[in-house]
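# Residue-level structure breakdown
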Amino acid sequence: MTSKRHPAAFAGLMFLSATIACGTPSPQTQPTPPAITFTLTNSDCTSAGVGAVLQSQFTAVVVNSTSSRAAFNLHRLLDGHAYRELEEHIRARQQAISAGSDTPVLPPMTVHVTGVFVEAGQRGKLEWTLSAGEYGLVCRRDSPTGAPEAIYVRGPFRVG
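Residues numbered from 1 in each chain as written. Predicted model: local features only at pLDDT ≥ 70, side-chain atom pairs only at ≥ 80, totals over all residues. Heavy atoms only, no water.

### Things to note about the overall build of the chain
Summing up its helical and strand segments, the chain has 2 helices and 8 strands in all. Mapped from its N terminus to its C terminus, the chain presents α and β elements in the order α-β-β-β-β-α-β-β-β-β. When the 160 residues of the chain are sorted by exposure, 34% land in the buried category. In the chain, the share of contacts with a sequence separation of at least 24, taken over all contacts with a separation of at least 6, comes to 71%. Carbon and sulfur atoms make up 57% of the accessible area of the chain, which amounts to about 10000 Å² in all. (Helix = DSSP H or I, 4+ residues; strand = E, 2+ residues; numbered from the N terminus. Buried < 20%, exposed > 50% of the residue type's maximum accessible area, 1.4 Å probe, protein only. Contact = heavy atoms within 4.5 Å. Areas by Shrake-Rupley, 256 points an atom, 1.4 Å probe, with all protein chains shown as cover.)

### Examining the pairing of strand β1 (residues 37-40)
Burial along β1 is two-sided: the residues Thr37 and Thr39 and Phe38 and Leu40 are all buried. Across 4 bridges, the pairing between β1 and strand β2 (residues 45-48) is antiparallel. Looking across to β2, one finds that Phe38 is bridged to Ser47. Hairpin geometry of β1 and β2 is characterised by an intervening segment of 4 residues between the two adjacent antiparallel strands. (Pairing = 2+ DSSP bridges.)

### Details of the side chain of His75
As for its placement among the helices and strands, His75 is situated in strand β4 (residues 70-77). Assessed through its relative accessible area of 2%, His75 is described here as buried. Here Thr110 takes part through its side chain, which lies 3.0 Å from a polar atom of the side chain of His75. Excluding anything up to four places from it in sequence, His75 contacts Leu106, Pro107, Thr110, Val111, His112, Val113, Glu134, Tyr135, Gly136 and Val138. (Polar contact = N/O pair within 3.5 Å; in protein donor to acceptor, adjacent residues only side chain to side chain.)

### Quick notes on the packing of aromatic side chains
This structure, assessed with the given rule, holds 1 aromatic pair. Aromatic side chains Phe38 and Phe157 sit 5.9 Å apart centroid to centroid with 70° between the ring planes, which places their arrangement in the edge-to-face category. Placement of the pair is Phe38 in strand β1 and Phe157 in strand β8 (residues 148-159), with a sequence separation of 119 residues. For Arg69, the ring lying beneath its charged end belongs to Phe117, and the centroid distance is 4.0 Å. (Phe/Tyr/Trp six-rings, centres within 6.5 Å; stacked < 30°, edge-to-face > 60°. Lys NZ or Arg CZ within 6 Å of the ring centre and 35° of its normal.)

### Thoughts on the confidence of the model for the chain
The predicted model of the chain has a mean per-residue pLDDT of 83, with 79% of residues at 70 or higher. Throughout residues 1-26 the model reports pLDDT below 50, and contacts reaching past four residues in sequence, or to other chains, amount to 3 contacts. (pLDDT = per-residue confidence, 0-100.)

### Overview of helix α2 (residues 83-99)
An ideal rise of 1.5 Å per residue puts 24 Å on 17 residues; α2 measures up with 25 Å between its terminal C-alpha atoms. Among all positions of α2, only Tyr83, Leu86, His89, Ile90, Arg93, Ala96 and Ile97 are buried. End-on, the buried residues of α2 take up no more than an arc of 140°, which puts them together on one face. For α2, the exposed residues set more than 90 degrees away from the buried face come down to Gln95, Ser98 and Ala99. Turning to α2, the residues buried within the fold contact β4, β5 (110-118), β7 (133-142) and β8. One or two positions beyond α2, positive phi appears at Gly100, with a value near 75°. (Expected span 1.5 Å × (residues − 1). Arc of directions from axis to C-beta.)

Rendered as structure tokens:
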């Protein structure tokens, strides 16, 4: 008895072979970028896994290692403004906090892009699609009454 192969089954087998040989690489072979992490401590806001250039699809882990509530806010500098202006604004806020005369105000040379509050000892996430420009991340620690206790800035970061 002779066996006959069905042409459709044979064609499918050829298609399967071609798919395996020419298919896309499995997800395990795709390089994953290092995680961006910003950590607020009692004396600073540090960063890891980030350079001067950010991807437009921005994701960062934020860690509050203090015993107070924290805010992590990403700001884009308005066109025509330099990062040093944001640094000067934060420095003035630091001095006002030390003197007990701080008035919380968003940096006027920026647009607030995204932010998150993170409770003491917890982690959070910042995610946003960024447009071209220069950015700074403002980290703030609040007292139990909600008044800012400390404020820091990390950057500058550039997109596009």
